[in-house]
Amino acid sequence: MTLHPKVIFSIFIAVSTAMLADPSFAHTGEGYSGGLVSGFTHPILGWDHVAAMVAVGLWGAFLGAPAIWVLPVVFPLVMALGAVIGILGIPVPAIETGIAMSAIVLGLMIVFAVKLPLWLSALLVGVFAIFHGYAHGTELPVASNAFAFAIGFVVATGLLHLIGIAFGLLVKRPGGRIAIRGAGGLISLAGVAFLTGVA
């Protein structure tokens, strides 16, 4: 069984987006004065968001049912809560550190094939989603259409999860587990780069 061309194309787009992303746009409030398009591009123009959101889908696929759909549903739901906290201006410490740690930890979960109970996996993903949502939420007040901005970043998040799931389905192929664990390692290393300011 070979990968469907649409899956290969999706993976290519995700990798290309990650390689071309300008981390200087992430969480600065610059360039996000629009609505839907601005909300959609916010997650995909920040390597830190791309890495963590792809990792959620990848880890879910690696864990199998029901985690394959539970984790990518939990993340945007809790992320929306984090966005509300950001909009309200409630202080949350270490947002950038939490975002970087999400890539490191989720990447390591994949590398070491960690299979936590579903509730604990969902809790871990949910905690990290608050940091990502908060970063998005702080951008909402300056958007010309905050609702459209929110729809945009939720849709982009879902698509990044789907890319992770598509890649994660390689687990059923010979050598697939090694490829997935290798991807987890790259995600974790990217998180270290975000944390140390290299990326």
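A.B. asks: Requested: an account of the packing of helix α3 (residues 47-63) against helix α8 (residues 176-196), with residues and values cited.
C.D. replies: Packed helix pairs are specified by the crossing angle of their axes together with the interaxial distance, meaning the distance between the axes. Relative orientation of the contacting elements α3 and α8 amounts to 150°, with a least axis distance of 10 Å. One element, α3, and the other, α8, form an angle in the roughly antiparallel class. Remark: the crossing between α3 and α8 carries left-handed chirality. Between α3 and α8, the residues in contact are Trp47, Asp48, Ala51, Ala55, Leu58 and Phe62 and Arg177, Ile180, Arg181, Ala183, Gly184, Ile187 and Phe194, respectively. Residues belonging to the contact of α3 with α8 are distributed by class as follows: nine nonpolar, one polar and three charged.

A.B. asks: Before we move on, can you summarise the side chain of threonine 157 with the specific residues and values?
C.D. replies: Of note, threonine 157 is situated in helix α7 (residues 146-168). Taking relative accessible area as the criterion, threonine 157 reaches 0% and is therefore assigned buried. Residue contacts for threonine 157: discarding those within four places in its chain leaves Pro43, Met53, Phe75 and Met79.

A.B. asks: An account of the environment of alanine 52 is requested, with residue identities and associated values reported.
C.D. replies: Positionally, alanine 52 belongs in helix α3. In this structure alanine 52 comes out as buried when scored by relative accessible area, which is 0%. Taking the C-alpha atoms as reference points, alanine 52 and glycine 191, 139 residues apart in sequence, are found 8.4 Å from one another. Setting aside its immediate chain neighbours within four residues, alanine 52 contacts Ser102, Ala103, Leu106 and His132.

A.B. asks: Break down the side chain of histidine 49 for me, with residues and values.
C.D. replies: For histidine 49, the location among the structural elements is in helix α3. Residue histidine 49 is classed as buried on the basis of its relative accessible area of 0%. A distance of 2.7 Å separates the side chain of histidine 49 from the side chain of histidine 132, its partner in a polar contact.

A.B. asks: Tell me about the nonpolar core, residues and numbers included.
C.D. replies: Ranked by size, the top nonpolar core spans 48 residues in total, and within it Trp59, Leu71, Phe75, Leu106, Val125, Leu160 and Ile180 carry the most contacts. For this core, the secondary-structure elements that each account for two or more residues are α3, α4 (67-88), α5 (95-111), α6 (118-137), α7 and α8. The element contributing the most residues to this core is α3, with ten residues. Setting aside anything within four residues of it in sequence, one finds tryptophan 59 in contact with Leu71, Leu106, Met109, Ile110, Val114, Leu116, Ser121, Leu124 and Val125.

A.B. asks: So what about the confidence of the model for the chain? Which residues, and what values?
C.D. replies: Across the chain, pLDDT averages 80, with 80% of residues at or above 70. For the chain, per-element mean pLDDT is lowest for helix α1 (residues 5-20), which scores 43, and highest for α5, which scores 95. Taken as a whole, residues 7-32 scores under 50 in pLDDT and shows 41 contacts with residues more than four places along the chain or in a different chain.

A.B. asks: Let's hear about a nonpolar patch on the surface: which residues, and what values?
C.D. replies: A cluster of nonpolar side chains, namely Leu36, Phe147, Ile151, Val155, Leu159 and Leu162, defines an oily patch on the protein surface of about 580 Å² accessible area. Looking at the nonpolar patch element by element, the count peaks at five residues for α7. Looking at where valine 155 falls in the secondary structure, it is placed in helix α7.

Parameters at a glance
- Residues numbered from 1 in each chain as written.
- Predicted model: local features only at pLDDT ≥ 70, side-chain atom pairs only at ≥ 80, totals over all residues.
- Heavy atoms only, no water.
- Axes fitted to C-alpha atoms, helices over the stretch in contact; angles between N-to-C directions.
- Helix = DSSP H or I, 4+ residues; strand = E, 2+ residues; numbered from the N terminus.
- Parallel < 35°, antiparallel > 145°, perpendicular 65-115°, else oblique.
- Left-handed = near helix turned anticlockwise from the far one by under 90°.
- Contact = heavy atoms within 4.5 Å.
- Nonpolar A, V, L, I, M, F, W, Y, C, P; charged D, E, K, R; others polar.
- Buried < 20%, exposed > 50% of the residue type's maximum accessible area, 1.4 Å probe, protein only.
- Polar contact = N/O pair within 3.5 Å; in protein donor to acceptor, adjacent residues only side chain to side chain.
- Core = buried A, V, L, I, M, F, W, Y, C linked by side-chain atoms within 4.5 Å.
- pLDDT = per-residue confidence, 0-100.
- Patch = residues over 30% accessible without salt bridge, like charges linked within 9 Å, V, L, I, M, F, W, Y side chains within 5 Å.
- Areas by Shrake-Rupley, 256 points an atom, 1.4 Å probe, with all protein chains shown as cover.
- Salt bridge = Lys/Arg side-chain N within 4 Å of Asp/Glu carboxyl O.

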